[in-house]
Amino acid sequence: MNLIDTVGTLAAILTTASFLPQAWHTFQTKDVSGISLGMYGVFTTGVACWLIYGLLLGAWPIVIANAITLALASAILVMKLRYR
C-alpha cells in the first residue's frame, strides 16, 4: 500500500469511526436534544452523494467508508426524528 492509499484508508477509518460514539450514546440515552436536525439531514444527503460518487468511480474505499457512515448517520437521523 502506497502513502496515498494509507492516508486515504486512515481518513476513511477515522471519519467513519467518529460516528460510533454519537450513535451509541444516542441509542442508549435516546437524548437527541443536542443534535441538529438540519445538519444531520444535509450531512446524510451529502454522504449519500459521496457513496454514489464512489460507486460511479468504482472506488471501493470511498464506497465502503461512505456506506458505513451513511448507515450510522441515518441511524442518528432516524433517532432524532423518533425521539424529539
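Above: the structure in question.
Residues numbered from 1 in each chain as written. Predicted model: local features only at pLDDT ≥ 70, side-chain atom pairs only at ≥ 80, totals over all residues. Heavy atoms only, no water.

J.: So what exactly am I meant to see when it comes to helix α2 (residues 19-29) here?
T.: For an α-helix, the turn length of 3.6 residues means that residues three or four places apart are oriented alike. All buried positions along α2 are accounted for by F19, A23 and T26. All buried residues of α2 lie within an arc of 70 degrees about the axis, which places them on one face of the element. Exposed and oriented more than 90 degrees from the buried face of α2 are P21, W24 and Q28. Buried residues belonging to α2 abut α1 (3-17), α3 (37-57) and α4 (60-83). Positive phi appears at K30, one or two residues downstream of α2, with a value of about 60 degrees. (Buried < 20%, exposed > 50% of the residue type's maximum accessible area, 1.4 Å probe, protein only. Helix = DSSP H or I, 4+ residues; strand = E, 2+ residues; numbered from the N terminus. Arc of directions from axis to C-beta. Contact = heavy atoms within 4.5 Å.)

J.: What am I meant to see in the packing of aromatic side chains here?
T.: To describe a pair of aromatic rings, one takes the distance between the centres and the angle between the planes. Using the criterion set out here, one finds four aromatic pairs in the structure. Taking the centre distance of 5.5 Å and the plane angle of 80 degrees together, the rings of W50 and Y53 count as edge-to-face. Residue W50 and its partner Y53 are both found in helix α3; the two are separated by three residues, about one turn of the helix. Look at Y53 and you get partly exposed, because its relative accessible area is 41%. In this structure, K30 packs its charged tip against the face of F27, placed 5.3 Å from the ring centre. (Phe/Tyr/Trp six-rings, centres within 6.5 Å; stacked < 30°, edge-to-face > 60°. Lys NZ or Arg CZ within 6 Å of the ring centre and 35° of its normal.)

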